[in-house]
Amino acid sequence: MMDPGQTTADDGADHDEYQRLRAEVRDLRARSRAHVLIAEAQGMLRERYALADADRAFTLMRLASQRYNVKMRTLAEILLSAPRPDAREALWFPRRARLAQPPLNFPAAREVGPGNRGAVLKAVLSQTLAVVGTDMGNVQLVDRVRGGLRIEEHTGHTADFVDFFGHVGEDGTSCAQAARDVSQVTVHDVETDPVFSASAREAILEAGSLACHSVPLTTSSGICVGMVSAHLDHTIGDLTAAQLKVLEVVGAQAGRWIAWHERTVVLDALEYLHALGNGRAQP
């Protein structure tokens, strides 16, 4: 009910302002999470290479990020979780083996260029949604610093959904269970499935997802390095054996590719950053 003297136009303006403020808060939270991680990495680089200031550390990270097409956040995360380089070695990882890029044979990945992680994640999501038969879903990767999973790619979700599930812990969601058990998980009805915490259930339902299916992205040794999830606007039954098999292949190929990318492309970026910090390379 409107207050005396308040018009419908006033009510609409208040709603628009409320939505604008919510969007601003979401954006500030996302920026803050990335900023804290990058700032911590900058401090580590300043100490390690005796850099003059944080700007110089940021420049080294930016150069490595651009040269190897690795996101700044990803680079910061690996920097903070990788073992410290040996000061006596010119290379950060002098004895690492270089492996060939593993194949991605599912249809959505046929046009993906070599080493392009963003394109691979989009292809993984596209293929999964095509198999399940929906246009709403997301890809998460394991967060090396905080643990749990963080969203890296998404489509069809509301901004509130992405904000709420931007990072999830080890319980309270179906994707967390799939990561913990390293197995596919189908939620036939979000409203009644006990896997969700109360807040997670509310957030999913508000976003219009009534069912979902999660597929772990696994390495050749069976380690979960990420998750792809399809969400539907209606309840569902069990997926067919053929669907599950296709998704298993997608998860295995994607997981091996992600592991290769971290051991090869991301470590190449760290090696370059190390050489810049030691004055052994030019920008």
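These figures come from a predicted structure and were not determined experimentally.

About the cut-offs
- Residues numbered from 1 in each chain as written.
- Predicted model: local features only at pLDDT ≥ 70, side-chain atom pairs only at ≥ 80, totals over all residues.
- Heavy atoms only, no water.
- Helix = DSSP H or I, 4+ residues; strand = E, 2+ residues; numbered from the N terminus.
- Buried < 20%, exposed > 50% of the residue type's maximum accessible area, 1.4 Å probe, protein only.
- Contact = heavy atoms within 4.5 Å.
- Salt bridge = Lys/Arg side-chain N within 4 Å of Asp/Glu carboxyl O.
- Core = buried A, V, L, I, M, F, W, Y, C linked by side-chain atoms within 4.5 Å.

Caption draft 1: Molecular detail of the overall build of the protein. Counting its secondary structure elements, the protein contains 8 helices and 6 strands. Going from N to C terminus, the protein has its helices and strands arranged as α-α-α-α-β-β-α-β-α-β-α-β-β-α. Taking all 283 residues of the protein together, the buried fraction comes to 47%. Residue pairs in contact within the protein that sit at least 24 positions apart in sequence constitute 60% of those at least 6 positions apart.

Caption draft 2: Seen up close, the pattern of salt bridges. Inspection of the entire model under this criterion finds 12 salt bridges. Residue E77 pairs with R150 through a salt bridge whose shortest N-O separation is 2.5 Å. Of this pair, E77 sits in helix 3 (residues 72–81) while R150 is found in strand 2 (residues 149–155), placing the two residues 73 residues apart along the sequence. On the accessibility criterion, E77 (2% relative accessible area) is buried. In this structure R150 comes out as buried when scored by relative accessible area, which is 4%. The salt bridge involving R98 is made with D268; its shortest N-O contact spans 2.7 Å. A residue pair is termed long-range when its members are at least 10 positions apart, and R98 in the loop between helix 3 and helix 4 (117–132) and D268 in helix 8 (residues 241–277) qualify at 170 residues. Overall, the relative accessible area of 52% leaves R98 in the exposed class.

Caption draft 3: Highlighting the nonpolar core. Judged by nonpolar contacts, the single largest core of 59 residues is most densely connected at M61, L270 and L273. Counting residues per element, the ones that place at least two in this core are helix 1 (8–49), helix 2 (54–68), helix 3, helix 4, strand 1 (136–142), strand 5 (211–218), strand 6 (224–232) and helix 8. When residues of this core are assigned to their parent elements, the largest contribution, 15 residues, is made by helix 8. What L270 contacts, discounting residues up to four positions off in sequence, is L75, I78, L79, A82, W92 and F93.

Caption draft 4: Focus on the environment of E191. Its location among the elements puts E191 in the loop between strand 4 (185–187) and helix 7 (198–206). Through-space distance from the C-alpha of E191 to that of I204 is 9.1 Å; in sequence the pair is 13 residues apart. If near-sequence neighbours (up to four positions away) are discounted, E191 is found in contact with R201 and L205.

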